[in-house]
Amino acid sequence: MSFMRSVLVAGAIALSSLPGLASAQDFITVASTTSTEQSGLFGHILPIFKEKTGIEVRVIAQGTGQALETGRRGDADVVFVHAKAAEEEFVKEGFGVERKEVMYNDFVIVGPGEDPAGIKGGNDAVAALKKISEAGATFTSRGDDSGTHKAELALWKQAGVKPSGDWYRELGTGMGPTLNTSAQMPAYTLTDRATWLSFENKGPLEIVVEGDPKLFNQYGVILVNPAKHPHVKAEQGQAFIDWLVSPEGQKAIADYKINGQQLFFPNASAS
Amino acid sequence: MHGSFSILPLRADGLTYVIRGRALVDNVSFVVARGTRTIIMGPNGAGKSLTLRLCHGLLQPSSGSVTWNGAAQVNGRKRHAMVFQRPVMLRRSALANVVHALSLTRFSSADRQARASEALARFGLAELARRPARILSGGEQQRLAMARAWALDPEVLFLDEPTSALDPAATRAVEEMIEAFHADGMTIVMTTHDLGQARRLADQVLFLHHGRLLEQTPAEEFFERPRSEAARAFIKGELLW
Amino acid sequence: MQQENAFTTALNLILSGDAVLGEIVVLSLAVTLTALLVSAIIGLPLGAALALARFPGRSFLVVTFNALMGLPPVVAGLAVYLMLSRSGPLGWLGILFSPSAMIVAQTLLITPIIVSLTRQVVEDLWGEYEEQLRSLGSSRLQAIPTLLWDGRFSLITAILAGFGRASAEVGAILIVGGNIAGYTRTMTTAIALETSRGDLALALGLGIILLGITLSLNAAAYVTGRLAQKAAG
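Conventions adopted
- Residue positions within a chain follow its written sequence, with the count starting from 1.
- Here every chain gets a letter starting at A, and every ligand a number starting at 1, in the order they are written.
- Only residues with pLDDT of 70 or above have their local features reported here, since the model is predicted, and side-chain atom pairs are shown and tallied only from 80 upward, although totals for entire chains, interfaces and linings are computed over all residues.
- Note: side-chain values were computed over all heavy atoms of the structure, leaving out hydrogens and water.
- Nonpolar cores were defined as sets of buried Ala, Val, Leu, Ile, Met, Phe, Trp, Tyr and Cys residues, with membership established by side-chain atoms within 4.5 Å.
- Residue burial is assigned from relative accessible area. The probe radius is 1.4 Å, only protein chains are included, and a residue is buried under 20% of its type maximum, exposed over 50%, and partly exposed in between.
- A helix here means a DSSP run of H or I that spans at least four residues, while a strand means a run of E at least two residues long, and both kinds are numbered starting from the N terminus.
- For this analysis, residues touch if any pair of their heavy atoms sits within 4.5 Å.
- Each domain's extent was defined by an automatic or database domain assignment.
- Take the accessible area each of two parts loses on contact, using a 1.4 Å probe, and add the two losses: that sum is the buried area.
- Basic side-chain nitrogens of Lys or Arg form a salt bridge, by our definition, when they fall within 4 Å of a carboxyl oxygen of Asp or Glu.
- We define a polar contact as two N or O atoms separated by no more than 3.5 Å, with the added condition that, inside protein, one atom must be a possible hydrogen donor and the other a possible acceptor, whereas residues neighbouring each other in sequence contribute only through side-chain atom pairs.
- What the arc describes is the spread of directions from the helix axis to the C-beta atoms.

> It is not clear to me how the nonpolar core should be interpreted in this structure. Could you clarify?
Nonpolar side chains in soluble globular proteins tend to end up buried together. Residue and element names in this part refer to chain B. Core analysis: the biggest nonpolar cluster contains 56 residues, and M41, L157 and F181 have the highest contact counts within it. Of all the elements, helix α4 (residues 138-151) adds the most residues to this core, at seven residues. Ignoring any residue separated from it by four or fewer positions in sequence, one finds F181 in contact with F123, M146, W150, L157, M186 and I188.

Here it is, written out as C-alpha cells:
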C-alpha cells in the first residue's frame, strides 16, 4: 500500500507545519485511566500544576493495559495507572524509570436494588462474588485488560470461581459504557468509586458491597524511560511526578470532592 | 490562407472499419481536393459518420489508410476540425468555450482571447460571449460550435449532420456559415440526409450504402444522372436504410 | 425525559456561549475541513486520472478504492496510530495525539470516497465529451482539469459525502487524537466521553449541536451550488 503510505507522509508533513495545530508548547503527554479522567480529578489538579510550572499536561484516558502499551511504544511521557503488578513489570522490562505510589481509591460492587444474589450491605467482596455465581445473577465484566478488569479477575480467583456462562458478560469496553450497560440489564459489576460517583446514569444500580480491604485500588505513576525513547520529556515529566507526590500535589488530590465526598486518598510514601 | 503548405489532397485508400465481424465501412476509397465541398450521402447506417470519424482520426481504420498530401496524419497540431450533430459545450461562457479550444492549439495564450472574440464577432455571436454556453438555444450552440471550429483556422472542416437537430432558421444560419468558410478557402467534408441542403452546398457527392462507396460523382451529375440503382432510389426518397 | 433534557442542554450550551464548547466546535471544523481540503487536493485529480487512464490493474484499483469507502474508521485509526506512534515508521514526526494526527486519519478515511465518486462523475462526463475534446486535440491528461471543472456541481456532492463521513466519525480520531481535553477533543469524541460518563443529556445536546452545524454547512453548499449552477447552465 505504497499509495496510502505516500498519502500519509504528504499529509503528515503538510499538516505538521500547520500553525496552531502542532504547536511546540511546553507540554507533556500522560497516559492514564478512564477513572482518573472521567471522575474529573485531572480537571481539578492539572490547572493547579500548570499555574505553578507552566507545563501543560495532555491526558489520554485509556484502560490500564492500553495506557501501559502507549508508554511502551513511547507515545506518552508519563503513565499514571492502577495495576501494581503490571506496573512493576513495565518498570522491570525497562520501559519505565521508577514506579511511585500516589493515591488510592477503592472499588465497589454495584448492582440492581432488587439484589437477586442477596449480597446487599455486605463488606466481603469474595463472598459476594461467590453468591453471584451461585445465584447465576447477571454480572458484567469490563473485559478490556484494564486495572479494574485485572482487579475483578483477581477477586474471582480468590473466590475459586472461573466466571463463565450466560450470567457472565464480558463487554470489552470502558468503565462508563460498562455502567451504562449494567444499568439497562440490570447487572452486578465492579467499578471504582470515583467513576461511580461522577456517573450520571445509575438507573436501578446502587452500591451493594463496599469497604473490603481487598477492594483497595492503588494508583502509581511512572516516567517512561528516556533510555528507551529518547524523545521523552524526562525533565517536565519528572516535574509532574515530583509534584504529584509532593505535599502540595497530595493536598490537591485530597481536595477534589463530588457532592462533598472525597474520591481519591493521597498516600505517597515519603521515600 | 495556408498558401505555402497544404495537407490536401485528402486520400482514403481501402478504408475499412470492422466491428464484431461486420464491416460498417467497407473498402472505401476517395479523394478530397483542396477548396472543394464534398457531401457524403446515403441512407441510415450507410457508414457516413464513421467515414468522417475515420478521416478526422477519432477512429482507427481496421484496414486501409487515410493520408494527407501523401503523409499519414498524426495527432497533435491538427489542421482539420469537426463539428458534430450535437455540439458539446463546456459549462462556461460562450467565449470561454472558444478560448478553451484555442488553448489546445498552437495559439499563444496572448492571442486566444482576441482570436475567440474575433470568431464570435465575425458570425454575429458577440453579444452571446458572456452567456453560459449550455443555456444557449440549440441553434445558437451549433453556431457557436461552428465559430469555435473557425477560430481554430482549420484547412479542412468535417461536419456531421450539423443541421439535423435544428429548425429552418438555424439551419439557414449554419448553411450561410458553411458558405462563408468555403469562401475563405476552407475545404468542407460534410454528411447530411437533407437532399435540398446537399443540392445547395455540394461540389461533389460521395454516396455510401451498407458501408460501400457506390459513387464519387460531381454534384450536378449525381442529382441529374445517378449511376447506381441505390442512388436513384435514394434521391426519389425510396431508400431509407 | 432524557430527550427534553437534551434539547434544553443544547440550547443552554449555545446561549451561554460556552467557551469550551466553542473551542471544541472550532477544532472539529478545523480538523474536518483541513482533512477535506487535503483529500480533495489528492482525490479529485486522482479520481479523474483513474477515470481516464487505461493501464493494467486499473480495475483492481477502482475496486480497491470503492471498497475503501467502507474502511472501518477504527481500522483506519489503528493504521495511522501504528504509523505515527513513536515506535512506528513516522514516529519521528511526533504528531500522534495531536490534531494533525486526526487530520491524517480523516484524510485516509475520506480520500477513497472522493476518489471513487470523482471517478464516476468524470467517467460519465468523459462519455459525453470524449469525441468533442479529442476532436479539439485534447489528450486525456489535458482533459482532467476540463472535466473536473465541468463536473464541479456533481463533485460538490462527492465533497459533501467526504465531509459527512469525517464530521460524523469518532473511532479513528479517538485512537489517534486521544480525546485530550482542550487539545484533541472534538464534538464526536466529547459525545462519546459524555455517553460513557452517563451524562446522556449532555451527550445528546452536543449531538444536536453537531447535527445543526452539519445541516447548516450542507444547506450553504446546496444553495451556493444551485445558484452557481443556474448561472453556469
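> In this structure, what is going on with the domain arrangement of chain A? I would like to understand it.
Frequently, the measure chosen for interface size is the accessible area removed from exposure when the parts meet. Residue and element names in this part refer to chain A. Considered domain by domain, chain A is made up of domain 1 (25-104 + 218-266) and domain 2 (105-215). On a C-alpha basis, the centres of domain 1 and domain 2 stand 26 Å from each other. Tallying the contact residues gives 17 residues for domain 1 and 15 residues for domain 2. Ranking the residues of domain 1 by area buried against domain 2 places Q38, H82 and L263 at the top, with a combined share of 29%. Our count for the contact surface shared by domain 1 and domain 2 stands at zero salt bridges. At the boundary of domain 1 and domain 2, one finds three residue pairs in polar contact (both at pLDDT 80 or more). Counting only elements with at least two residues in the side of domain 1 that touches domain 2, the list comes to α2 (34-38), α4 (64-72) and β4 (96-112).

> I tried to follow helix α3 (residues 58-68) of chain C on my own but got confused; where do I start?
Since the α-helix packs 3.6 residues into each turn, any two residues three or four apart lie on the same face. All names here are of chain C. Looking at α3, one finds that the buried residues are R58, V62, T64, F65 and L68. Within α3, the buried residues cover an arc of 165° as seen down the axis, which keeps them to one side. Seen from the open side of α3, the exposed residues pointing more than 90 degrees away from its buried face are S59, F60, V63 and A67.

> Explain helix α11 (residues 247-255) of chain A here, please?
By the burial criterion, the buried members of α11 of chain A are G249, Q250, A252, I253 and A254 of chain A. Buried residues belonging to α11 of chain A abut α3 (41-53), β4, α10 (234-245), β10 (257-258), β11 (261-262) and β12 (265-266) of chain A.

> Is there a simple way to explain unusual backbone geometry in this structure?
Negative phi characterises most residues that are not glycine, and trans characterises most peptide bonds. Residue M185 of chain A is joined to P186 of chain A through a cis peptide bond whose omega torsion reads -15°. A positive phi is found at D145 of chain A, a non-glycine position, where the angle reads about 65°. Considering the arrangement of structural elements, one finds D145 of chain A in the loop between β5 (139-141) and α7 (147-159). Phi angles above zero are rare outside glycine, and N179 of chain C is one such case at about 50°. Inspection of the secondary structure puts N179 of chain C in the loop between α8 (171-177) and α9 (187-196).

> Help me understand the pattern of salt bridges, please; the structure alone is not making it clear to me.
Oppositely charged side chains may form a pair once their charged atoms are brought near each other. All names here are of chain A. Counted under the stated rule, the structure contains 31 salt bridges over all chains. Measuring nitrogen to oxygen at the nearest pair gives 3.9 Å for the salt bridge that ties D75 to R73. For D75, a relative accessible area of 7% gives the class buried. The class of R73 is buried, set by a relative accessible area of 16%.

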